[in-house]
Protein chains: 2
Amino acid sequence: MPQTAQPLYQQIKDYLLKEIQDGRWKEGEVIPSENALARQFGASRMTVNRAVRELTAESVLKRIQGSGTYVAPRKYQATLVAIKNIADEVRGRGHRHSSKLLRLERGEARDAHIMQFEVEPGHLLFHSIIVHFDNQVPIQYEDRWVNAKVAPGYMDLDFSVSTPNEYLMRVAPLQGVKYSIEAVNAPSEIARYLAVPEDEACLVLYRTTYALDQVASVATMWYPGSRYQFEGRI
Amino acid sequence: MPQTAQPLYQQIKDYLLKEIQDGRWKEGEVIPSENALARQFGASRMTVNRAVRELTAESVLKRIQGSGTYVAPRKYQATLVAIKNIADEVRGRGHRHSSKLLRLERGEARDAHIMQFEVEPGHLLFHSIIVHFDNQVPIQYEDRWVNAKVAPGYMDLDFSVSTPNEYLMRVAPLQGVKYSIEAVNAPSEIARYLAVPEDEACLVLYRTTYALDQVASVATMWYPGSRYQFEGRI
DNA sequence: TAGTGGTCTAGACCACAGC
DNA sequence: CTGTGGTCTAGACCACTAT
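Conventions and cut-offs
- Residues numbered from 1 in each chain as written.
- Chains lettered and ligands numbered in written order.
- Predicted model: local features only at pLDDT ≥ 70, side-chain atom pairs only at ≥ 80, totals over all residues.
- Heavy atoms only, no water.
- Core = buried A, V, L, I, M, F, W, Y, C linked by side-chain atoms within 4.5 Å.
- Buried < 20%, exposed > 50% of the residue type's maximum accessible area, 1.4 Å probe, protein only.
- Helix = DSSP H or I, 4+ residues; strand = E, 2+ residues; numbered from the N terminus.
- Contact = heavy atoms within 4.5 Å.
- Near = heavy atom within 4 Å.
- Polar contact = N/O pair within 3.5 Å; in protein donor to acceptor, adjacent residues only side chain to side chain.
- Pairing = 2+ DSSP bridges.
- Axes fitted to C-alpha atoms, helices over the stretch in contact; angles between N-to-C directions.
- Domains from an automatic or database assignment.
- Expected span 1.5 Å × (residues − 1).
- Arc of directions from axis to C-beta.
- Parallel < 35°, antiparallel > 145°, perpendicular 65-115°, else oblique.
- Left-handed = near helix turned anticlockwise from the far one by under 90°.
- Nonpolar A, V, L, I, M, F, W, Y, C, P; charged D, E, K, R; others polar.

### A look at the nonpolar core
Phase 1 of the analysis: Counting residues in each nonpolar core, the largest one holds 30 residues, and the members touching the most others are Leu203 and Tyr223 of chain A together with Leu203 and Tyr223 of chain B.
Phase 2 of the analysis: Listing elements by their share of this core, those giving two or more residues are α4 (86-92), β8 (174-185), β9 (201-211) and β10 (214-224) of chain A together with α4 (86-92), β8 (174-185), β9 (201-211) and β10 (214-224) of chain B.
Phase 3 of the analysis: Not counting residues within four places of it along the chain, the set of residues in contact with tyrosine 223 of chain A comprises Ile86, Ile139, Gln140, Leu194, Cys202, Leu203, Leu205, Tyr228 and Phe230 of chain A.
Phase 4 of the analysis: Ranked by size, the runner-up nonpolar core spans 15 residues in total, among them Ile12, Trp25, Ala51 and Val52 of chain A.

Structure representation (structure tokens):
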């Protein structure tokens, strides 16, 4: 087989994708069996199997044992937005990331924190407020509460070299994340730190992370609407 | 082989994952070769290959031909937010979705549209403005331009029964989506339709969709910050 | 040169669906 | 029952890396 071209299984994948993309095989219809494709391409069944299996994993196809292979129902219309670590993102743009620690303190769980962290009143928590800059321009105001049980060394961190995120990822494997994005008019204190007019629309990302079977941290991140956006593509 | 248990390739995957999860094989380290694993499990190389290849596709491992298989570097820290079709979302909450068509017209590409749609000046476009309601409460102001070449029947739609999205998905297979999310203070007209105070912070989703190798539509969707949020979990 | 991953084959046996 | 997908083997040749 000439390897100058694509591998055979990839050629088969491309063929299948093209048939679907061009509408010759419609949603829900059966496509040729593995044996038929093997004959058509002069390939072994294993090679065809790999092509079809991978497309099934990519949810382009759907297989039913004993029945056949079908074109998968149209993908659930969802747009995915990727939210990256702020420091990585700034560096990824080729800019310089820096941060300023506004507050670092220990506190006890009370009121809303008891619900958010699912802990007893009085449970030890750490609290930090940090402003992140992209080339000296403030782009994120981060208010974070951290579970001392998960990150006991949080107060000893040097936030000028590592971000809270990086530390939390290091001390405990992340088990899950829950988040929401809202738009909120900036209150005066936050507007001041972000250097925007009071009441400017801000993107606010609430994020709760889970590690070691507990709530690890609860963070509220404010981004000025005038100079920050989440983006992506499929 | 007793099929009461998991398939062999899956057992091998589980074994590899456990070694990594338990920290016996650390980030960047080499793992045993395919031949070594084949001997260890009494499996053929093809079976081991499948296990390792799938874990590589899941970016748990990294393979270098001629060199070896390594534990992949730390997963890219990204949070994914899913944005669904507004009608589906409202119905998913068990509420009633309705919409009001504020404007429907044909127009020609000019200025910014020429860039956005990548077409010649004068290219036929359709323009619609719709407000979507969740149980009578306005939650989205949708301003959309559509490429007439892709959706020639757009002007004949009954927007009270199907949303633009549903129609566009039906007439042409979606090839791609590009989007961004911003926070913007509501201008007076939009604030009026969303029934919020002027200058209230709004989530704004810009979305460009591609179909038939062209730009299919460009939409700007405004959500009142006070009663809408994107959310999700991992 | 020896060892690694990358691909491929020609069989095989099994579980399951549909007739 | 036949045909489908699901899995597996024991080879094989190749391209590449390391020594």
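### A few points about the protein's contact with DNA strand D
Phase 1 of the analysis: For DNA strand D, the set of nearby residues contains 25 residues, the closest of which are Arg45 and Met46 of chain A together with Leu8, Ser44 and Thr47 of chain B.
Phase 2 of the analysis: At the protein interface, 61% of the atoms of DNA strand D within 4 Å belong to sugar or phosphate.
Phase 3 of the analysis: Here a base nitrogen of DNA strand D sits 2.9 Å away from a polar atom, N or O, in the side chain of glutamine 65 of chain B.
Phase 4 of the analysis: Counting only elements with at least two residues in the surface near DNA strand D, the list comes to α3 (45-57), β2 (61-64) and β3 (68-71) of chain A together with α1 (8-21) and α3 (45-57) of chain B.
Phase 5 of the analysis: The biggest single contributor to the surface near DNA strand D is α3 of chain B, with four residues.

### Quick word on the sheet that holds strand β1 (residues 30-31) of chain B
Residue and element names in this part refer to chain B.
Phase 1 of the analysis: The strand order across the open sheet built from three strands is β1-β3-β2, with neighbouring strands paired in antiparallel fashion. Looking at the sheet topology across the chains shown, the edges are occupied by β1 and β2 (61-64).
Phase 2 of the analysis: In terms of strand pairing, β2 meets strand β3 (residues 68-71) through four bridges, oriented antiparallel. Looking at the pairing, leucine 61 lines up with valine 71 of β3.
Phase 3 of the analysis: Of the strands in this sheet, β2 and β3 touch α3, which is tilted by about 110 degrees from β2.

### Re the domain arrangement of chain A
When the parts of a complex come together, some accessible area is lost, and that lost area is often taken as the interface size.
Phase 1 of the analysis: By the assigned domains, chain A splits into domain 1 (8-71) and domain 2 (86-224).
Phase 2 of the analysis: The C-alpha-based centres of domain 1 of chain A and domain 2 of chain A are spaced at 46 Å.

### Topic: helix α1 (residues 8-21) of chain A
All names here are of chain A.
Phase 1 of the analysis: Helix length check: α1, at 14 residues, gives a terminal C-alpha distance of 20 Å against a target of 20 Å (1.5 Å per residue), a fit within 8%.
Phase 2 of the analysis: For α1, the complete set of buried residues consists of Tyr9, Ile12, Lys13, Leu16, Glu19 and Ile20. Along the long axis of α1, the arc covered by the buried residues comes to 130 degrees, so they all point the same way.
Phase 3 of the analysis: Directly beyond the C-terminal end of α1, a positive phi value near 80 degrees is found at glycine 23.

### Some words on the environment of tyrosine 210 of chain B
All names here are of chain B.
Phase 1 of the analysis: Mapped onto the secondary structure, tyrosine 210 falls in strand β9.
Phase 2 of the analysis: Taking C-alpha positions, tyrosine 210 is 33 Å from proline 73, a pair spaced 137 residues apart along the chain.
Phase 3 of the analysis: Beyond its immediate sequence surroundings of up to four residues, tyrosine 210 is in contact with Glu118, Pro173, Leu174, Gln175, Gly176, Val177, Lys178, Val215 and Ala216.

### Focus on the packing of α1 of chain B against helix α2 (residues 34-41) of chain B
Residues and elements named next belong to chain B.
Phase 1 of the analysis: The contact between α1 and α2 brings their axes to 12 Å, and the two run at 115 degrees. The orientation of α1 with respect to α2, classified from their angle, is roughly perpendicular. Here α1 and α2 pass one another in a crossing that is right-handed. For the pair formed by α1 and α2, the contact residues are Ile12, Tyr15 and Leu16 on the first element and Leu37, Gln40 and Phe41 on the second.
Phase 2 of the analysis: Partitioning the contact of α1 with α2 into residue classes produces five nonpolar, one polar and no charged.

### Digging into the protein's contact with DNA strand C
Phase 1 of the analysis: Residues in close proximity to DNA strand C total 25 residues, the closest being Leu8, Ser44 and Thr47 of chain A together with Arg45 and Met46 of chain B.
Phase 2 of the analysis: Per the 4 Å cut-off to the protein, sugar and phosphate atoms form 61% of the nearby atoms of DNA strand C.
Phase 3 of the analysis: Here a phosphate oxygen of DNA strand C sits 3.2 Å away from a polar atom, N or O, in the side chain of arginine 50 of chain A.
Phase 4 of the analysis: In terms of residues, the surface near DNA strand C owes the most to one element, α3 of chain A, which gives four residues.

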